[in-house]
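Descriptive analysis of the structure
The chain contents come next:
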Amino acid sequence: MIHEILPVGPLQCNCSVIGDEGTREAMVIDPGDDIEDVIALITKHNLKVKQIVITHAHIDHVGGAMKLRAATGAPILLNQNDYALLKMLDMQAAWCGMASPGKVEIDQSVAQSDKVKAGSLVADVIHTPGHTEGSVCLYFPLEKKLIAGDTLFAGSIGRTDLPGGSFEKIINSLQEKVLALPDETVVVPGHGPLTTIGEEREGNPFLR
Ligand SMILES: [Zn+2]
């Protein structure tokens, strides 16, 4: 598995470029900004992007999606429970003091237990409401890797004080779905350093 993690934009969202070494097919997760740099990585590895997956509709995760779609022709996937939030991108931009990326069109909703594929790579969609209603994580069972969006961070969890957030729901998502994964699973959070499920199960103060 080719996996490049690139922190993008002023909020340094971790954008993942994940590719199949054989077929060169790839998916890009959370292309929030700096699309020229994302495309440079795609070109460097000679990849064909088949899917653009958005973990949730916050501007720092979705802001560059239309530019990447225009460059690659790949569809944009987002859970439908975040469509309302996506309509508030102008407001989100104003809150962050950022330029609005304009309208983002979703090609397909992804829901619990859907599979997202690129070449031989398969990710299971885990719906983890809490940070937003439509937050999802992507789990690669063969590689034991979780792309967690803003649901789980090293030593912390996603904030729940923004529109659509719920502390009760994020704790439930984490306890019922995320902590059900094996300890050795490598977690790539939406921001900041990598961690593992085992480390978070043991040391994350929100998961005690
Ligand atoms: Zn977020």
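Up top is the structure these notes are about.
As a further point, take the overall build of the protein. Tallying secondary structure elements over the protein gives seven helices and 13 strands in all. Here the protein has a C-alpha radius of gyration of 16 Å; the compact-globule value for 208 residues is 17 Å, and the two agree. A principal-axis box enclosing the C-alpha atoms of the protein has dimensions of 45 × 40 × 25 Å. Counting every position in the protein, which comprises 208 residues, the buried fraction comes to 53%. Of the contacts made within the protein by residues no fewer than 6 positions apart, 59% connect residues no fewer than 24 positions apart. If you sum the accessible surface of the protein, you get close to 8900 Å²; carbon and sulfur atoms cover 52% of it. Seen as two clouds, the 17 positive and the 27 negative side-chain charges of the protein have centres 4 Å apart.

By the secondary structure assignment, Gly149 is in strand 9 (residues 145-149). Sequence separation between Gly149 and Cys15 is 134 residues; the distance between their C-alpha atoms is 9.6 Å.

Next up on the list: the coordination of the zinc ion. Only His56 (NE2), His58 (ND1), His131 (NE2) and Asp150 (OD) from the protein reach the zinc ion as donors, at distances of 2.2 to 2.5 Å. Each of the four donor atoms around the zinc ion contributes to a set of angles spanning 86 to 172°, which defines the coordination as irregular. Here the donor residues of the zinc ion are spaced in sequence according to H-x1-H-x72-H-x18-D. Within this pair, whereas His58 is found in the loop between strand 4 (48-53) and helix 2 (59-62), its partner Asp150 is found in the loop between strand 9 and strand 10 (152-153), the two being separated by 92 residues in sequence. Here His58 falls in the buried class, since its relative accessible area comes to 9%.

Conventions used here
Once a new chain begins, its residue numbering starts again from 1 and follows that chain's sequence as written. Given that this is a predicted model, residues contribute local features only at a pLDDT of at least 70 and side-chain atom pairs are listed and counted only at 80 or more, while totals for whole chains, interfaces and linings are drawn from all residues. With hydrogens and water set aside, each side-chain value is computed from the structure's full complement of heavy atoms. Only DSSP runs of H or I covering at least 4 residues are called helices, and only runs of E covering at least 2 are called strands; the numbering of each starts at the N terminus. For the radius of gyration, the atoms used are the C-alpha atoms, and the globule rule reads 2.2 Å times the number of residues raised to 0.38. Exposure is judged per residue with a 1.4 Å probe applied to protein chains only, and the accessible area is read against the type maximum: over 50% gives exposed, under 20% gives buried, and values in between give partly exposed. In this analysis, two residues are considered to be in contact whenever any of their non-hydrogen atoms come within 4.5 Å of each other. Computed with the Shrake-Rupley method and a 1.4 Å probe, the accessible areas treat only the protein chains shown as cover for residues. Only four residue types enter the charge count, namely Lys and Arg as positive and Asp and Glu as negative; His and the chain termini do not. Where a charge sits is defined by one atom per residue type, namely NZ (Lys), CZ (Arg), CG (Asp) or CD (Glu). For Na, K and Ca the donor cut-off is 3.2 Å, and for all other metals it is 2.8 Å, counting N, O and S atoms only; because water is absent from this set, sites may look incomplete. Metal sites are grouped by the angles between bound donors: all angles between 85 and 135 degrees with four donors is tetrahedral, opposite donors over 155 degrees apart with the others between 65 and 115 is square planar for four donors and octahedral for six, and any other pattern is irregular.

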